Amino acid sequence: MSEVLSRTAEALLAGAGNSHRVSCSVDFRLERANNDDWEIIAVSQRARAWMRDELCCPFAQSFNDVIRADALSANSFVKEVHEKGFRTEFVGRNGKDLF
């Protein structure tokens, strides 16, 4: 059953934006940490600065540029950063997609 939930979670996250398979700079990388958790990694300086400025500073410092979240929280985060113009690389079982 966890395999079904994992595929559902992956599909949910993949659907957070419109996929573009083009070579461009990436601000955040989203990849599976385990069956229940995802890692959101700030890759660009712009993403790190946004995390530092928008998240409570002491809280953001504890991330070390990585946020661990469940599928729904990761999905919400990805939607928010896309609205702000950030690009996300989604690393799934079938390869990488850029959003």
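Here, the structure is the one placed above.
The following refers to the structure shown. Since the model is a prediction, treat every value here as computed from it, not as a measurement. (Residues numbered from 1 in each chain as written. Predicted model: local features only at pLDDT ≥ 70, side-chain atom pairs only at ≥ 80, totals over all residues. Heavy atoms only, no water.)

### Observations regarding the overall build of the protein
Piece 1. Looking only at helices and strands, the protein has 4 helices and 5 strands in total.
Piece 2. Counting from the amino terminus, helix and strand elements in the protein follow one another as α-β-β-α-α-β-α-β-β.
Piece 3. Here the contacts in the protein between residues at least 6 apart in sequence split such that 64% fall between residues at least 24 apart.
Piece 4. With the model as given, the accessible surface of the protein reaches about 6000 Å², and the carbon-plus-sulfur share is 49%. (Helix = DSSP H or I, 4+ residues; strand = E, 2+ residues; numbered from the N terminus. Contact = heavy atoms within 4.5 Å. Areas by Shrake-Rupley, 256 points an atom, 1.4 Å probe, with all protein chains shown as cover.)

### Here we look at helix H4 (residues 71-83)
Each turn of an α-helix holds 3.6 residues, which means side chains three or four residues apart point in the same direction.
Piece 1. The first and last C-alpha atoms of H4 sit 18 Å apart over 13 residues, in line with the 18 Å expected at 1.5 Å per residue.
Piece 2. Residues Ala71, Ala74, Asn75, Phe77, Val78, Val81 and His82 constitute the buried set of H4. The buried residues of H4 occupy one face: seen down the axis, they fall within an arc of 165°. Exposed and oriented more than 90 degrees from the buried face of H4 are Leu72 and Glu83.
Piece 3. Immediately downstream of H4, the backbone of Gly85 shows phi near 95°, a positive value. (Expected span 1.5 Å × (residues − 1). Buried < 20%, exposed > 50% of the residue type's maximum accessible area, 1.4 Å probe, protein only. Arc of directions from axis to C-beta.)

### Overview of the side chain of Thr88
Piece 1. Relative to the assigned elements, Thr88 resides in strand E4 (residues 88-92).
Piece 2. Within polar-contact distance, the side chain of Thr88 engages the side chain of His82 at 2.9 Å. (Polar contact = N/O pair within 3.5 Å; in protein donor to acceptor, adjacent residues only side chain to side chain.)

### Side note on the environment of Phe28
Piece 1. Counting through the fold element by element, Phe28 comes out in strand E1 (residues 28-32).
Piece 2. Classification of Phe28 as buried rests on a relative accessible area of 1%.
Piece 3. Expressed as a C-alpha distance, the spacing of Phe28 and Glu89, which sit 61 residues apart in the sequence, is 6.2 Å.

### Structural notes on the packing of aromatic side chains
Piece 1. Summed over the entire model, instances satisfying the criterion amount to 6 aromatic pairs.
Piece 2. Plain terms: the ring middles of Phe28 and Phe77 are 5.3 Å apart, the flat faces sit at 90° to each other, and that makes the pair edge-to-face. Linking Phe28 in strand E1 with Phe77 in helix H4, this pair joins segments that are 49 residues apart in sequence.
Piece 3. Relative accessible area serves as the criterion here: at 13%, Phe77 is assigned to the buried category.
Piece 4. Taken together, a centroid distance of 5.5 Å and an interplanar angle of 70° make the contact between Phe28 and Phe86 edge-to-face. In this pair, Phe28 is assigned in strand E1 and Phe86 in the loop between H4 and E4, connecting sequence segments 58 residues apart. Neither Phe28 nor Phe86 differs from the other in exposure class; each is buried.
Piece 5. When the ring centre of Phe86 is taken as reference, the NZ or CZ atom of Arg46 above it lies at 4.2 Å. (Phe/Tyr/Trp six-rings, centres within 6.5 Å; stacked < 30°, edge-to-face > 60°. Lys NZ or Arg CZ within 6 Å of the ring centre and 35° of its normal.)

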